[in-house]
Every structure is written in C-alpha cells, then in structure tokens.
Amino acid sequence: MAQAIVTEGLTRRFGDHIAVNQLDLTVEQGQVFGFLGPNGAGKTTMVRLLNGVLNANAGRATVLGFDVATQGTEIRKRTGVLTETPNLYEALTARENLLLFGDLYGVPESELPKRADSLLEELGLIERANERVGGYSKGMKQRLAIARALLHQPTLLFLDEPTSGLDPVAARMVTGLIQTLSHQEGRTVFLCTHNLTEAQRLCQRVGVIDQGVLR
Ligand code: ATP
C-alpha cells in the first residue's frame, strides 16, 4: 500500500524545548491513523509540520509524496485540516462561510453551492445554514469547521480533537462521518486525540506521542 505520510527523524524545537523529537512515522493511504498523546505532547506541532506551515529543525517528511520543506502549497491543496479552534467568520452565515472558504480553496464556482449544501446536509446544519455563525453552539461551529475542511475534497484529512466539546449525538455524527470518509471514500485520516475509546473505534493504527517522542 502507498504511504500517505513518511517522516524520518522529524524534529522541531521552540527555544530549549523539543516539541517533536526525532520522530519516525509512516501512515498508509486510506488508513485512519490515531495520533494519541496528553496535552502538550506535540500533536498540533506535528500537524503543522506535516502541512508545511512550520519548518522542522532536523529530519524530513513527505506527505502524499511531496516534501514538507519545499512543497507545502502542493500538500495544502490536497489536505484538509480541522484545527482545535474553528476560526470561522462569526458575522457571516454558515453557508456564506463555506462559499467564502471554498472560493479561497479554488473550488469551481459551478460546483461550490452544491458541495456546500451537501456538506451542510450531511452534518445536520442545513436548516440553520442561513443563520449567522456567531449564534451557533460550540458543537455546530465544530461541525461547520469539519464541513469547511472537506470542501475541496482533500485526500488526506488532519483532524485535531474533532469531537472535543461535542455532545454524544454530535460526536457520534462526526465519528460516523470519519468512518464514511475512510471506508467508502478511501481517504486517509490523521486523527489527533486523547480519547482512547474514539481511537479504538475508528483507527486501524495508532501512535502514542509523549513529550515529543513516539512511544
Ligand atoms: P494539546 O493536546 O494540548 O493541544 P499538543 O499535543 O497538540 O497538545 P503542541 O501544541 O504540539 O501539543 O505543543 C507541544 C509543545 O510545544 C508544548 O510544550 C507547547 O507549549 C510547545 N509549543 C507549541 N507551539 C509553540 C510555539 N509556537 N512557541 C513556543 N512553544 C510552542
């Protein structure tokens, strides 16, 4: 099976602190890979390194065959990232947010409204799609951020704590979506979590990171 992610000795320091320490990792295409670790372990730093938004101090990595050090733009065209905070435009409606971000991602104008509505439907937001996001609950914002990460149909998805703060029904909707993305659509998912039950249910493989070291 082809490798979606390969890292060799990947290292990132912040001052004297080593956030990611000589990390060797492979993730196969089509797999849901669980990246587990306590707060401050280095998970978010790893996601930033793998998307080429943060430079490594040592080591190397390829994502979908592209070098993170020099081909970040190519990588980001093909990856979707759900960060820990949604960072949506609160004065815009959910639909307007998706249309704006879809445009920035280069989704063709002829497809964008259809794709946005289908994601809003899939994530249970269609009935409130014309409301301003400022009035949304935390769970609704999280679901909208997931829709945004999927708009440009990425082959590799990075999900940083996707169910954190969601009620059980919303969490189940999100985990169901992750299973569909992987099993039916063949996408690779890099799932950062400290929820062991969620990792056990969703992941074919897990890596445990602690203080920047892969255990
Ligand atoms: P959490 O589950 O709490 O989000 P995490 O596993 O994602 O944690 P990181 O955010 O990657 O952890 O942080 C790893 C370490 O690197 C922490 O000690 C953090 O304080 C440090 N760190 C991360 N980003 C920076 C930065 N920009 N400047 C300085 N230190 C940073």
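Residues numbered from 1 in each chain as written. Predicted model: local features only at pLDDT ≥ 70, side-chain atom pairs only at ≥ 80, totals over all residues. Heavy atoms only, no water.

S.K.: Tell me about the pattern of salt bridges, and name the residues and values.
M.R.: Following the criterion strictly, the structure yields eight salt bridges and no others. Residues Arg78 and Glu74 are paired through a salt bridge, measuring 2.9 Å at the closest nitrogen-oxygen approach. You can see Arg78 and its partner Glu74 sitting in helix 2 (residues 72-78), four residues apart, about one turn around the helix. Between Asp117 and Arg95 there is a salt bridge; the shortest N-O distance is 2.8 Å. Remark: Arg95 occurs in helix 3 (residues 94-104) and Asp117 occurs in helix 4 (residues 112-122); sequence separation between them is 22 residues. Connected via shared salt-bridge partners are Glu74, Lys77 and Arg78. (Salt bridge = Lys/Arg side-chain N within 4 Å of Asp/Glu carboxyl O. Helix = DSSP H or I, 4+ residues; strand = E, 2+ residues; numbered from the N terminus.)

S.K.: Please provide a residue-by-residue account of the sheet that holds strand 1 (residues 3-14), values included.
M.R.: Spatially, 2-1-4-5 is the arrangement adopted by the four strands of the open sheet, whose pairing is antiparallel. Sheet topology places strand 2 (17-28) and strand 5 (66-67) at the edges, where each strand pairs with a single neighbour. Pairing analysis gives eight bridges linking strand 1 to strand 2, with the strands arranged antiparallel. Residue Phe14 lies in a different strand from strand 2, and its bridge partner there is His17. Across the sheet, helix 1 (residues 43-50) touches strand 1, strand 2 and strand 4 (58-63), and the angle it forms with strand 1 is around 115 degrees. (Pairing = 2+ DSSP bridges. Contact = heavy atoms within 4.5 Å. Axes fitted to C-alpha atoms, helices over the stretch in contact; angles between N-to-C directions.)

S.K.: Residue-level account of helix 5 (residues 138-150), with values.
M.R.: Look at helix 5: 19 Å from first C-alpha to last across 13 residues, which is about the 18 Å you get at 1.5 Å a residue. Buried residues of helix 5: Gly139, Met140, Lys141, Gln142, Arg143, Leu144, Ala145, Ile146, Ala147, Arg148, Ala149 and Leu150, and no others. Where helix 5 is buried, its residues touch strand 6 (79-82), helix 3, helix 4, strand 7 (156-160) and helix 6 (168-183). (Expected span 1.5 Å × (residues − 1). Buried < 20%, exposed > 50% of the residue type's maximum accessible area, 1.4 Å probe, protein only.)

S.K.: Which residues make up a nonpolar patch on the surface, and what values go with them?
M.R.: A cluster of nonpolar side chains, namely Tyr89, Leu100 and Leu104, defines an oily patch on the protein surface of about 310 Å² accessible area. With respect to the helices and strands, Leu104 occurs in helix 3. (Patch = residues over 30% accessible without salt bridge, like charges linked within 9 Å, V, L, I, M, F, W, Y side chains within 5 Å. Areas by Shrake-Rupley, 256 points an atom, 1.4 Å probe, with all protein chains shown as cover.)

S.K.: With reference to specific residues and values, describe the pairing of strand 1.
M.R.: Hairpin connection of strand 1 to strand 2: two residues between the antiparallel strands, including Gly15 at a positive phi of 60 degrees. Sheet topology places strand 1 next to strand 4; five bridges connect them, and they run antiparallel. Looking across to strand 4, one finds that Glu8 is bridged to Arg60.

S.K.: Could you give an account of the nonpolar core, naming the residues involved and the relevant values?
M.R.: In this structure, Leu144 and Ile178 are the most contacted members of the largest nonpolar core, which totals 38 residues. When residues of this core are traced back to their parent elements, those giving at least two are strand 3 (32-36), helix 3, helix 4, helix 5, strand 7, helix 6, strand 8 (188-193) and helix 7 (196-202). Broken down by element, the residue count for this core peaks at seven residues, all from helix 5. Setting aside residues no more than four positions away along its own chain, Leu144 makes contact with Leu88, Ala94, Asn97, Leu98, Leu120, Leu125, Val133 and Tyr136. One finds Leu23, Phe33, Leu54 and Phe66 within the second-largest nonpolar core, a separate group that totals 26 residues. (Core = buried A, V, L, I, M, F, W, Y, C linked by side-chain atoms within 4.5 Å.)

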